[in-house]
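Close look at the chain arrangement
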Amino acid sequence: MEAKAAYEAEKSPYVTTNRDAVNLSDFYAMKDKMDQWTRRIRPLTAALERYERWAMRHHVKRVDAFLLPPDGVHRTIQKLRLQTFGRKWNQFIQRWVTAAIARWGVEDFELNVEGRCIAYDFKILDGCQNLQLKRLVLFNCPPLGSFNSLTFQRLTRLSLCKTSYFGLANRILTHCVHLLDFSIRYCPGYWAGGLRINVPTSRLKNLLVDNCKFGKIYLHSLPCLETFACRGLLPSKIYYGEVPGLRHVGLDYLKTEGDSKVDPSVSNRTYPLSKFLKRIPPIESLVLQFKGPEVWIEPIAVPDPLLHLKKLFIANVPINWDIFWIVTLLDAAPVLESCHVHIDNRSENMASWLDVQAQDRQYHCLKELVVVGFNAVGWQIGFVRHVMKASPRMRQVHLLDGHVVEDKERVLEGLEVVPHTREWHEFERSEVLDDLWDGNGICSPQLEIILE
């Protein structure tokens, strides 16, 4: 790598300059440099290739010994994750997958193919007797049009990653009659037409769209759907049709440089939350995650009240945001019982807080407020005090220094609060508590404040 970098640095001036302007001596000097680099790198390349072939042969032997032992060997494998390379090792992958699922009765199988994708026909497993497969994750491995196979009909969980098979989502859900969890992740390319799902007979309960550049998402008919989460790149709109059982929604948006290449206006675009909650069924839980320094949500009132929302979790809020918009969410949820706010203290600038009169707002059902990343700055105290004054049934306010960890395998309830050990000085603790209790507007006599 060092030799190649030196060669590229020396070659660059010759490449960028018009060839006619380069004199003959410079041209031959460049050619000599190229010959020297080639002579130096050739034996290294040959050695690397030999070691690569040697390593892959040992890899194949090891996996063969594990998955293809003699007939007298018996073992039980419930979960297996196989990560390997693509086309060059296709014949080995085919027999490994067959042995793992058909011979050993794997229930949870993940196939992660690096490099060029391969395809596996799951129909060859239909005649096997020992099939226990229930959960399947395919990474860069399209299942070769075998969604109508008996193997797929038994699945309860399916995740397709780095494939463009999302267009067959309706077909997948139609044939996978027992499917409860379906994930589409890292879909290549931008798809202006979006994702459309309309399967009235589906039993699907959990749907995850993760880092896919869909223009729009249409959930026309999924009568059993309970949880829907969209991570990474939110579409311009989400449409909810016949999804009467939907109760939990998670939205996690991150602007990236790739977005502006697809749509140049995306870098300056903001969205009202109503674009993702319009005509939504009566959800009970809403999770919002924000990653990156840019504000993408417009701090305006939600036009359609969230009349059934009981739990609100807002994570990774940059410290330099004006969090007045959180109050608008509280106003739109009259039966909200629990509110969790996680503040990302890695931002440089402080947020602002406009004092809001408590008598203008009342959160009659709010019983719990948790603020993660609390460091007792003025705007945080002002926000907590406002919520306390406006919540006559508040029972507990939990303020802690910490962060949240996300579990990618869980569709919605994947945020775990990790507290940090902070030693509050007694004088500092007393001062914070006095600031929170300041005034006579605290309505709940049973209110407990936990500061850690």
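Here the structure is a predicted model, which means the values were calculated and not measured.

Another point: the overall build of the protein chain. Within the protein chain, the regular secondary structure consists of ten helices and 21 strands. When burial is assessed residue by residue, the protein chain has 45% of its 452 residues classed as buried. When contacts within the protein chain are restricted to residue pairs at least 6 apart in sequence, those whose partners lie at least 24 apart make up 65%. Of the roughly 23200 Å² of accessible surface on the protein chain, 51% is carried by carbon and sulfur atoms.

Turning our attention to the sheet that holds strand E10 (residues 216-221). Here we have three strands laid out as an open sheet, ordered E7-E10-E12, and parallel in their pairing. At either margin of the open sheet sits one strand with a lone partner, and together these are strand E7 (195-198) and strand E12 (237-242). Taking each pair of neighbouring strands and ignoring which way they run, the sheet shows an average axis angle of 5°. Sheet topology note: the E7/E10 ladder contains four bridges and is parallel. Each bridged residue has a counterpart across the sheet, and for Leu195 the counterpart in E10 is Ile217.

Here we take up the pairing of strand E18 (residues 396-400). With four of five residues buried, E18 is to be regarded as a mostly interior element. Sheet topology note: the strand E17 (residues 368-372)/E18 ladder contains five bridges and is parallel. The partner of Glu368 across the bridge, within E18, is Gln396. With respect to chirality, the unit in which E17 leads through helix H9 (residues 378-389) into the neighbouring parallel E18 is right-handed.

This part takes up the pattern of salt bridges. In the structure shown here, the tally under the stated rule is five salt bridges. Among the ionic pairs, Arg135 bridges to Glu107, the shortest N-O distance being 3.9 Å. Here the residue Arg135 occupies a position in strand E3 (residues 135-139), and Glu107 occupies one in the loop between helix H3 (90-103) and strand E2 (108-114), the gap between them amounting to 28 residues. Residue Arg135 is classed as partly exposed on the basis of its relative accessible area, which comes to 27%.

So, about the nonpolar core. Counting residues in hydrophobic clusters, the biggest one holds 115 residues, and the most contacted among them are Phe109, Phe182, Leu219, Phe228, Phe374 and Val384. It is H3 that contributes the most residues to this core, eight residues altogether. When neighbours within four sequence positions are excluded, Phe109 is seen to be in contact with Leu80, Leu82, Val97, Ala100, Ile101, Leu133, Arg135, Leu136 and Val137. Core analysis: the second largest hydrophobic core is formed by five residues, Val287, Ala315, Val404 and Leu415 among them.

Following the sequence through the fold, Leu222 ends up in the loop between E10 and strand E11 (227-231). Expressed as a C-alpha distance, the spacing of Leu222 and Val243, which sit 21 residues apart in the sequence, is 5.2 Å. When near neighbours in sequence (up to four residues on either side) are disregarded, Leu222 contacts Leu173, Ile197, Val199, Ser202, Leu204, Glu242, Val243 and Pro244.

This part is about H9. Here H9 contains twelve residues, and its C-alpha end-to-end distance of 16 Å stays within 8% of the 16 Å for a straight helix at 1.5 Å per residue. Within H9, nine of the twelve residues are buried, leaving the element largely enclosed by the surrounding structure. Of all the positions in H9, only Trp379, Gln380, Ile381, Gly382, Phe383, Val384, His386, Val387 and Met388 are classed as buried. For H9, the elements touching its buried residues are helix H8 (324-331), strand E16 (338-344), E17, E18, helix H10 (426-437) and strand E21 (448-451).

The predicted model of the protein chain averages 80 in pLDDT, with 81% of residues at 70 or higher. Scored below 50 in pLDDT, residues 257-267 shows 15 contacts in the model against residues more than four places distant or in partner chains.

With that settled, consider a positive patch on the surface. A surface patch of positive charge is lined by Arg50, Arg53, Arg57, Lys61 and Lys88. When you line up the elements, Lys88 lands in the loop between strand E1 (79-85) and H3.

Of note, the phi angle at Asn140 is positive, near 65°, even though the residue is not glycine. Take Asn140: it is sitting in the loop between E3 and helix H4 (150-153). Look at Asn140 and you get buried, because its relative accessible area is 11%.

Let us now look at the packing of aromatic side chains. Scanning the model with the defined rule gives six aromatic pairs in all. Ring centres 4.8 Å apart and planes at 80° place the aromatic pair Tyr120 and Phe122 in the edge-to-face group. By the burial criterion, Tyr120 is buried, and Phe122 matches it. Chaining the aromatic ring pairs together yields one cluster made of Tyr120, Phe122 and Phe152.

Calculation criteria
Residues numbered from 1 in each chain as written. Predicted model: local features only at pLDDT ≥ 70, side-chain atom pairs only at ≥ 80, totals over all residues. Heavy atoms only, no water. Helix = DSSP H or I, 4+ residues; strand = E, 2+ residues; numbered from the N terminus. Buried < 20%, exposed > 50% of the residue type's maximum accessible area, 1.4 Å probe, protein only. Contact = heavy atoms within 4.5 Å. Areas by Shrake-Rupley, 256 points an atom, 1.4 Å probe, with all protein chains shown as cover. Pairing = 2+ DSSP bridges. Axes fitted to C-alpha atoms, helices over the stretch in contact; angles between N-to-C directions. Right-handed = clockwise from strand over helix to strand, strands pointing away. Salt bridge = Lys/Arg side-chain N within 4 Å of Asp/Glu carboxyl O. Core = buried A, V, L, I, M, F, W, Y, C linked by side-chain atoms within 4.5 Å. Expected span 1.5 Å × (residues − 1). pLDDT = per-residue confidence, 0-100. Patch = residues over 30% accessible without salt bridge, like charges linked within 9 Å, V, L, I, M, F, W, Y side chains within 5 Å. Lys, Arg positive; Asp, Glu negative; His and termini not counted. Charge placed at Lys NZ, Arg CZ, Asp CG, Glu CD. Phe/Tyr/Trp six-rings, centres within 6.5 Å; stacked < 30°, edge-to-face > 60°.

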